[in-house]
Amino acid sequence: MRSRFSAFCVGDEAYLLRTWHPATRPPRIGLDKALRWERLEVLETTNGSVFHTDGAVRFRAHYLERGRPGHLEEHSHFVAQDGTWLYVGPLEHRPNGNWPG
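Residues numbered from 1 in each chain as written. Predicted model: local features only at pLDDT ≥ 70, side-chain atom pairs only at ≥ 80, totals over all residues. Heavy atoms only, no water.

1. Concerning the packing of aromatic side chains
Turning to step 1, where the next piece is worked out: A full pass over the atoms with the stated rule returns five aromatic pairs.
Turning to step 2, where the next piece is worked out: Measuring from ring centre to ring centre gives 6.3 Å for Phe 5 and Trp 37, while their planes differ by 75 degrees; the resulting arrangement is edge-to-face. Separated by 32 residues along the polypeptide, Phe 5 in helix H1 (residues 2-10) and Trp 37 in strand E1 (residues 35-47) bring together distant segments of the chain.
Turning to step 3, where the next piece is worked out: Judged by relative accessible area, Phe 5 falls into the buried class, the value being 11%.
Turning to step 4, where the next piece is worked out: The exposure class assigned to Trp 37 is buried, which follows from its relative accessible area of 15%.
Turning to step 5, where the next piece is worked out: For the pair Trp 37 and Tyr 63, a centre-to-centre distance of 5.3 Å together with 65 degrees between the ring planes defines the contact as edge-to-face. Of this pair, Trp 37 sits in strand E1 while Tyr 63 is found in strand E2 (residues 54-65), placing the two residues 26 residues apart along the sequence.
Turning to step 6, where the next piece is worked out: For Tyr 63, a relative accessible area of 3% gives the class buried.
Turning to step 7, where the next piece is worked out: One aromatic cluster is present, formed by Phe 5, Phe 8, Trp 37 and Tyr 63 through successive ring pairs. (Phe/Tyr/Trp six-rings, centres within 6.5 Å; stacked < 30°, edge-to-face > 60°. Helix = DSSP H or I, 4+ residues; strand = E, 2+ residues; numbered from the N terminus. Buried < 20%, exposed > 50% of the residue type's maximum accessible area, 1.4 Å probe, protein only.)

Here it is as structure tokens:
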């Protein structure tokens, strides 16, 4: 989760696509240059150790969009595949203010 947030911060679309599960991966992401990701809060985790094959992370990601602060909350589903955790998709998300992107 933290590495994917860092990839959003630096605009590393290739890393984001590599760490996205093939069943739900879009062909491209199209990162919004007007967004600047500022801070990540991990609110809750479920499973996700070396003994699990799936897990969930509830997080709040803070951003600035054209100088206006906002945040995105999501409860994300991840699966472990060949020793790598892959993002599957949101279990739920709640944007605050304008939806980023």
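2. Focus on the nonpolar core
Turning to step 1, where the next piece is worked out: One finds Phe 5, Trp 20, Leu 35, Trp 37, Leu 40, Val 57, Phe 59, Ala 61, Tyr 63, Leu 72, Phe 78 and Tyr 87 forming the largest nonpolar core, which totals 12 residues.
Turning to step 2, where the next piece is worked out: For this core, the secondary structure elements donating two or more residues are E1, E2 and strand E3 (68-81).
Turning to step 3, where the next piece is worked out: For Leu 40, the contacting residues outside a window of four places in its chain are Met 1, Arg 2, Phe 5, Phe 59, Arg 60 and Ala 61. (Core = buried A, V, L, I, M, F, W, Y, C linked by side-chain atoms within 4.5 Å. Contact = heavy atoms within 4.5 Å.)

3. Focus: the side chain of His 75
Turning to step 1, where the next piece is worked out: The residue His 75 is located in strand E3 in this model.
Turning to step 2, where the next piece is worked out: Here the side chain of His 75 touches Arg 58 through a polar contact of 3.1 Å, side chain to side chain. (Polar contact = N/O pair within 3.5 Å; in protein donor to acceptor, adjacent residues only side chain to side chain.)

4. A short note on H1
Turning to step 1, where the next piece is worked out: Buried within H1 we find Arg 4, Phe 5 and Ala 7. On an axial view of H1, the arc spanned by its buried residues comes to 155 degrees, and they lie on one face. What points out from H1, more than 90 degrees from its buried face, is the exposed set Arg 2 and Val 10. (Arc of directions from axis to C-beta.)

5. Remarks on the environment of Thr 46
Turning to step 1, where the next piece is worked out: When you line up the elements, Thr 46 lands in strand E1.
Turning to step 2, where the next piece is worked out: Assessed through its relative accessible area of 36%, Thr 46 is described here as partly exposed.
Turning to step 3, where the next piece is worked out: Taking C-alpha positions, Thr 46 is 19 Å from Leu 72, a pair spaced 26 residues apart along the chain.
Turning to step 4, where the next piece is worked out: Residues contacting Thr 46, with those up to four places away along its chain left out, are Gly 55 and Ala 56.

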